[in-house]
Amino acid sequence: MAGGNEWSMKALKEVWKRAENSLCADCGKPDPDWASSTLGVFICLSCSGIHRNIPSISKVKSLKMDYWDDAQVQFLAKHGNAVTKAIYEAHIPIYYYQPTYNDCQVLREQWIRAKYERKEFTEPGKQLPYSDGVKEGILWKRGRDNGQFLPRKFLLSEREGCLKYFTKQDAKEPKINVKIDVINATFQPEKTGKPNGLQITYLKDNKTRNIFVYHESGKEVVDWFNAIRSVQFHYLKVAFPIASDNEIKNRLTRNFLKEGYMEKTGPKQREAFKKRWFTLDHRRLMYFKDPLDAFAKGEVFVGSGENGYSVQKGLPSGTQGNFSWHYGITIVTPDREYLFTCETETDQLDWIRAFTSIINQAMTPQEYAIEAYFKFKS
C-alpha cells in the first residue's frame, strides 16, 4: 500500500477488511483491491476499468499501489459497499438481471452505468425503459442462410404475451410470433463476434430455434434483455398466481450451463466421430454443425440419476468408431449410451461436472413430460 501517513494506512486497512467489502460491490468477485474515492465502494480490477470510463461519476484508485489521503480514507470509512448499495440499489426490479464477474462486458458495464450514472434504482416506482410492458425497435438480426446481419423491427408486448419480428419496417405480418414463456435470451459476444451479441432461443414444435441479434448501443441491447425478463415475469405472475416472486424470478432467462466442441458418434457406435458444437441448456444437450446454426442437428435429454441417467469418464471398451480426440465421456440413459470425446482433459472434466450437476437434480413434472416427448420421438 503506497504513500499516506501511518494513521491513513492503518485506517484504510481496517475499512478494507470489513466483511461487507470482501466482495466487489458490482460483480461480487472476491478480494477486491480497488476502490472508488467518489462513490465509496470497493471493486475488482475489471469493474475498476468500467468505472474509469465514467470519470464524472467515479474516481478509482488501487488500494495497494495508490496514495490515499486522510479525507479519502474517511470517506471510504463512512461509506463502503453496504452503505453505497443501500443508496444505489435500493429499488432494483426483481426481474432485472444483476450480472456477476462471470458475465460479459456489456452486461457488467450497463449494470454499473444504470446504478451510478443513470441512477435507475434510487427511487421507488421510477419509469424505466424496460418496464413499460412493451418495447419496439430495430435490432440487427443474423440471416439464417446467408449469415449477414440485417436490421429488423422487433416488437415485445406484455399484453399479447409475445415477441415478434418483421422483415420490413412497414410489414403487416411478423416473420415470427413467439409466446413469451418459451423464450430464453443469453449474451453471446464470442459466438456472434459482436460485443453486444444476444442469442434468443425459443421452442418451436418442441425443438429449440436460435436467432442471433445485436445492437451497436450496449444500453439498448441490455434494455431489450431486461424488457424480455420484465414481460416474462409479469406473464408468469398471472399464469402462476400462488408462486412467490423468487420462484418466478428463477424461471426467467438463464445462461447455458456449458457450450463447446466435442466429437460424437451415432447410435450404432461404429460410425466415425464427428466434431460438433454442443450446448447444454439444463436438461437439453443440443448439438450443431456450426455454433450459429438456427436449429440443432439433434438433442439428448439428460435426466436424473434416480431415473437411470449417469455420466461416466471414458468410452466403453471396444468402441469401434474412429475418433481424433481421446478424452471420452459416456452418458448412460435408460434407452442407450451416448459417446463423446473431448480435445483436452480439462474440457472432459468440465463437461462431466456440468452433466453431473444436472443428473444429481430431481426432475420436475414438466421435465417428465419433456422426457416422454424425447422417448416418443426416438
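Looking up the chain in an unreviewed UniProt entry gives the name ADAP1 protein, with the organism given as Erythrocercus mccallii.

Student: Now, about empty space enclosed by the protein: what can you tell me, with residues and values included?
Tutor: One water molecule sets the probe size; rolling that probe over the atoms shows where empty space is left. According to the stated counting rule, one finds three cavities of 30 Å³ or more in the structure shown. Its volume calculated, the largest cavity comes out at about 60 Å³. Those elements that place two or more of their residues in the lining of the largest cavity are strand 4 (134-142) and strand 10 (207-214). For the lining of the largest cavity, the leading source of residues is strand 10, giving four residues. Looking at the lining of the largest cavity, its residues break down into four nonpolar, two polar and five charged. Counting contributing residues, the lining of the largest cavity receives three or more from each of domain 2 (134-250) and domain 3 (258-376).

Student: How would you explain the side chain of E299 if you had to name every residue and give the values?
Tutor: When you line up the elements, E299 lands in strand 14 (residues 298-301). E299 gets classed as buried once you look at its relative accessible area, which sits at 14%. Leaving out residues up to four positions away in the same chain, E299 has contacts with K207, T208, R284, L285, M286, Y287 and F374.

Student: I'd like a description of the UniProt feature "domain: Arf-GAP" (unreviewed entry) in the chain, backed by residues and values.
Tutor: UniProt's feature table lists "domain: Arf-GAP" (unreviewed entry) at residues 9-129, given in the numbering used throughout. Segment residues 9-129 splits into 39% helix and 7% strand. End C-alpha atoms: 43 Å apart.

Student: If you had to explain the layout of surface pockets to someone new, which residues and values would you point to?
Tutor: Here the largest pocket defines a volume of roughly 1200 Å³. Forming the walls of the largest pocket are 32 residues, and the residues nearest its centre are R251, R254, H282, E367 and I370. Those elements giving two or more residues to the lining of the largest pocket turn out to be strand 8 (183-187), strand 9 (198-204), helix 7 (218-239), helix 9 (345-359) and helix 10 (365-377). Residues that form the lining of the largest pocket fall into these classes: 13 nonpolar, twelve polar and seven charged.

Student: Explain the sheet that holds strand 2 (residues 42-43) to me, and be specific about the residues and the numbers.
Tutor: Within the open sheet, the three strands sit side by side as 2-1-3. Their pairing is antiparallel. Single-partner strands in this sheet number two, and they are strand 2 and strand 3 (60-62). Strand direction decides the pairing type here: strand 1 (residues 34-36) and strand 2, joined by two bridges, are antiparallel. Across the sheet, the residue bridging to W34 is I43, located in strand 2.

Student: I'd like a description of the state of the cysteines, backed by residues and values.
Tutor: What the rule picks out here adds up to zero disulfides. Between C44, a cysteine without a disulfide, and C27, which holds the nearest cysteine sulfur, the sulfur-to-sulfur distance is 3.7 Å. In this structure C44 comes out as buried when scored by relative accessible area, which is 5%. The closest cysteine sulfur to the non-disulfide-bonded C47 is located on C44, 3.8 Å from its own sulfur. Under the relative-accessibility criterion, C47 is labelled buried at 1%.

Student: Lay out the environment of K164 with the relevant residues and their values.
Tutor: Tracing the backbone shows K164 in strand 6 (residues 162-166). Considering only alpha carbons, one finds K164 and I180, 16 residues apart in sequence, at a separation of 9.8 Å. Excluding anything up to four places from it in sequence, K164 contacts K153, F154, L155, P174, I176 and N177. Among the polar contacts listed, one links the side chain of K164 to the side chain of E160, at a separation of 2.8 Å.

About the thresholds
Residues numbered from 1 in each chain as written. Predicted model: local features only at pLDDT ≥ 70, side-chain atom pairs only at ≥ 80, totals over all residues. Heavy atoms only, no water. 1 Å grid on protein atoms, 1.4 Å probe; cavity = no way out; pocket = protein on both sides within 12 Å on 5 of 7 lines; lining within 4 Å. Points joined across faces, edges and corners; volume = space filled by probe spheres on them. Helix = DSSP H or I, 4+ residues; strand = E, 2+ residues; numbered from the N terminus. Nonpolar A, V, L, I, M, F, W, Y, C, P; charged D, E, K, R; others polar. Domains from an automatic or database assignment. Buried < 20%, exposed > 50% of the residue type's maximum accessible area, 1.4 Å probe, protein only. Contact = heavy atoms within 4.5 Å. UniProt positions renumbered as here; feature names shortened; annotations may be inferred. Pairing = 2+ DSSP bridges. Disulfide = S-S within 2.5 Å. Polar contact = N/O pair within 3.5 Å; in protein donor to acceptor, adjacent residues only side chain to side chain.

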